[in-house]
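Notes for the structure review
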Amino acid sequence: MEDDMRTCVNVYDYTIDQRTGKNTKLCFLENKVELFSEQFPDAQIDNFDTDSRNDRAMMDISNPIFAFNSNKNSNQIGGMYMGKLNEFLNRQIIQKDVGEETFLTWKETISYALGRGAQGMSTSMTSSKYINYFLTNVLFRKIPGEQALSIASNIRFFCGIFDAINDPIMGILVDRTRTKEGQMRPYIKWAPWFVSLVMILFFIGSANAPLVFNVIYTTILFVGLDVTYTAFDIPMGALAFSITPSGIERTKLFGVSSIVRSVVGALPQVFVAAAAWLPYFNDHTPQAYLTSATVSAIGIIFLTRLTFRNTRERAEHREDVPSVKECFALLFQNRPLLMLFLGNIFFVLCKIAEQVSFYFVADLMFNRKYNVVIDVIKFPGFLLAGILVPMLIEKAGRRADSRRFYQLCCVSAIVIHALFAVVTYRGLMLKEPGTCVSLLTGIFVVLFTGLTTIPLEFKNLIQKEMEAETVDYIEWKTGRRVEGIMLSIMSFTGKIENTFSSSIGLAILGWTGYINHAEGSIAQNDPTNWALFLMTTIVPAVGYLLMLVSIHFYNITGEGHHKMMRDIMAARAARKEEKQAAAPAQTLPEH
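Let me begin by describing the structure that accompanies this report. (Residues numbered from 1 in each chain as written. Predicted model: local features only at pLDDT ≥ 70, side-chain atom pairs only at ≥ 80, totals over all residues. Heavy atoms only, no water.)

Quick word on the overall build of the protein chain
- Within the protein chain, the regular secondary structure consists of 22 helices and four strands.
- Here the protein chain, with 591 residues, has 54% of them falling under the buried criterion.
- If you take every contact in the protein chain between residues at least 6 apart in sequence, the share linking residues at least 24 apart comes to 79%.
- Accessible area for the protein chain stands at about 27000 Å²; split by element, carbon and sulfur atoms hold 62% of it. (Helix = DSSP H or I, 4+ residues; strand = E, 2+ residues; numbered from the N terminus. Buried < 20%, exposed > 50% of the residue type's maximum accessible area, 1.4 Å probe, protein only. Contact = heavy atoms within 4.5 Å. Areas by Shrake-Rupley, 256 points an atom, 1.4 Å probe, with all protein chains shown as cover.)

What follows is the structure, encoded as structure tokens:
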């Protein structure tokens, strides 16, 4: 077919009118496709070679394409492929009619998702299991384990309470902000710089410093982390509620963000976990943390610049913003919002497993090298949730029901955690103390860790849309849209989850007589091993069971939400007409 193509070009290079001597048809641009089709009506191009972007029309009907760089056209070829990329980025993420107006392009969606990835890099360093291990086995490693755990637990608890209270304050600031760059985007522009600075300062701390200095230094830096991250987190979350009014589009946005956040956010964790395998860092854990924090800080600043530049705020906001007191009052008057709030509180029991995961691997499995494998095995859950949840919601359309989806996730999680306990009990709890788990038991632990992540991430993703529904509900009830305050209320429960789950996990380990260690492994006592086993398998199942009870009373259905949105759009249109009618008529100048 390649020789035929050359024949086509040679034969139809140009056509000349014999009477006038003028070119009547050039084999150029789209004409090439027309002339090729005339000469070979049913042919397909197997290979197409070119060195010019003027062959774009031929490229569109060819596969594969071989572009040769020439001195004069190499830049044109690069520009051609950039054109293809730009075409994709400017394409809308929802291509079919879903019964409601959609807005988001892939460029805006990916840019927002990268900002979520930056958040993941921050939280993986400062809010996950790794920060607990850093405190007890690095920063406070020179004091007895029970004392180190007590200090770490108290710091996490009191700073976490402050962080949770700090959220509604930030929500008020966001909702009262009015700038030419919007309500949320100015914070996304500047807050990451402070997050990055404080994060690096935090991991500079050394175990060789006096204990009192380390406690004061750590507490101050924890407060700094809380304040700066909240100034970044609340606007990022609120932006998702303002970026589009379409629930189906928001779910796809959350799906893409979940995948990107899981990949980008996991990078610091994977590096710290992989330190056990690396020649230098396996004996220098503090340096592994500091290196990871520094690289993360650079990534956070770069990625959030893309979010700031390429996203828009589309929701309409009125000047009369309700107070925090009014919003919390509405929390207790609005049954769906209250049930979601309670579900988040019960989720504390599920989060404990994540907070003690590093200890579970190092002390119960007795092999820190499993940490990196367990972190990696969680990725399929993020990936499947990010792909399948938006696909299922888009396919269901108006029949989509967030509550039923949430309930199914909880039931699946209960079953998997129960099987986790039954299958791994013998290999974990009946092995010789101070010995590594068998390969078979290690495989089962890794497998069940990956399986528990699937319903968890499916639940987390659909909950994002349910939180957005509560923002819509408040606008439907009051006519006022308050993404910042409402997001801060839900973020408040998220901070409570992290604070209490971390504090409870550390406190339980302290009560059982946990022995701390910085490098290598130390055999733990039976109460500590039992605590780690139960907090990883059975306790999360109890949390999911309680969440099922609360979410049963969440009564915003799929059709109910669609009706709510129709009423909201009608009310917005009516307010717009009122403004136009009240505006003074503009008269044309006389001539």
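Next comes the rest of the account.
Side note on the environment of Phe358
- When you line up the elements, Phe358 lands in helix H15 (residues 357-364).
- In sequence terms Phe358 and Asn371 are 13 residues apart; their C-alpha atoms lie 6.8 Å from each other.

Some details on the packing of aromatic side chains
- What the rule picks out here adds up to 20 aromatic pairs.
- Between Phe134 and Phe203, the ring centres sit 4.9 Å apart and the planes meet at 70 degrees, which makes this aromatic pair edge-to-face. A residue pair is termed long-range when its members are at least 10 positions apart, and Phe134 in helix H6 (residues 129-139) and Phe203 in the loop between helix H8 (185-202) and helix H9 (211-242) qualify at 69 residues. For the pair Phe134 and Phe203, one class covers both residues: buried.
- A connected cluster of aromatic rings, assembled from ring pairs, spans Phe134, Phe202, Phe203, Phe222 and Tyr289.
- Directly above the ring of Phe308 sits Arg185, whose terminal nitrogen or CZ lies 4.5 Å from the centroid.
- Just above the ring of Phe347 sits the side chain of Lys459; from NZ or CZ to the centre is 3.8 Å. (Phe/Tyr/Trp six-rings, centres within 6.5 Å; stacked < 30°, edge-to-face > 60°. Lys NZ or Arg CZ within 6 Å of the ring centre and 35° of its normal.)

Digging into the pattern of salt bridges
- One pass over the structure, following the stated rule, counts six salt bridges.
- With a closest N to O distance of 2.9 Å, Glu108 and Arg314 form a salt bridge. Taken together, the positions of Glu108 in helix H5 (residues 106-126) and Arg314 in the loop between helix H11 (285-310) and helix H12 (324-333) put the pair 206 residues apart, joining distant regions of the chain.
- Residue classification places Arg314 among the partly exposed positions, given a relative accessible area of 23%.
- Note that Asp567 is salt-bridged to Lys563, the shortest N-O span being 3.2 Å. Of this pair, Asp567 and Lys563 both sit in helix H22 (residues 558-582), four residues apart, which is roughly one turn of that helix. (Salt bridge = Lys/Arg side-chain N within 4 Å of Asp/Glu carboxyl O.)

What to know about the nonpolar core
- The biggest cluster of nonpolar side chains holds 122 residues, and the ones touching the most others in it are Phe202, Phe203, Tyr289, Tyr359, Met365 and Leu428.
- For this core, the element with the highest residue contribution is H9, accounting for twelve residues.
- Apart from residues lying up to four places away in sequence, Phe203 is in contact with Met125, Thr126, Ile131, Phe134, Tyr289, Leu290 and Ala293.
- Counting residues in hydrophobic clusters, the runner-up holds five residues, among them Ala164, Ile489, Phe492 and Ile496. (Core = buried A, V, L, I, M, F, W, Y, C linked by side-chain atoms within 4.5 Å.)

Notes on unusual backbone geometry
- With a phi close to 65 degrees, Phe366 is a non-glycine residue in the positive phi region.
- Looking at where Phe366 falls in the secondary structure, it is placed in the loop between H15 and helix H16 (370-377).
- Phe366 sits in the buried class, given a relative accessible area of 16%.

Considerations on the packing of H16 against helix H19 (residues 439-478)
- At a closest axis distance of 8 Å, the pairing of H16 and H19 adopts a crossing angle of 35 degrees. H16 and H19 meet at a crossing whose hand is right-handed. Touching Tyr370, Val373, Ile374 and Ile377 of H16 are Leu439, Gly442, Val445, Val446, Thr449 and Gly450, all from H19. (Axes fitted to C-alpha atoms, helices over the stretch in contact; angles between N-to-C directions. Left-handed = near helix turned anticlockwise from the far one by under 90°.)

Some points on the state of the cysteines
- This structure, assessed with the given rule, holds zero disulfides.
- A disulfide-free cysteine, Cys409 has its sulfur positioned 6.9 Å from the sulfur of Cys410, the nearest such atom. (Disulfide = S-S within 2.5 Å.)

Some points on the environment of Ile216
- Considering the arrangement of structural elements, one finds Ile216 in helix H9.
- When its relative accessible area of 47% is taken as the criterion, Ile216 is described as partly exposed.
- Measuring from C-alpha to C-alpha, the distance between Ile216 and Ile155 comes to 9.7 Å, with 61 residues separating the pair along the chain.

Brief notes about helix H21 (residues 526-551)
- Its 26 residues give H21 an end-to-end C-alpha distance of 37 Å, which sits within 8% of 38 Å, the value for a rise of 1.5 Å per residue.
- Approximately 45 degrees is the largest bend angle found in H21, and it occurs at Met535.
- Among the residues of H21, the N-terminal cap falls to Asn525, whose side-chain oxygen and the backbone nitrogen of Thr528 are separated by 2.8 Å. (Expected span 1.5 Å × (residues − 1). Bend = angle between axes of the 7 residues up to and from the residue. Polar contact = N/O pair within 3.5 Å; in protein donor to acceptor, adjacent residues only side chain to side chain.)

What to know about helix H13 (residues 335-346)
- For H13, built from twelve residues, the straight-helix expectation of 16 Å at 1.5 Å per residue is met to within 8% by its first-to-last C-alpha distance of 16 Å.
- Every buried residue of H13 is listed here: Pro336, Leu337, Leu338, Met339, Leu340, Phe341, Gly343 and Asn344.

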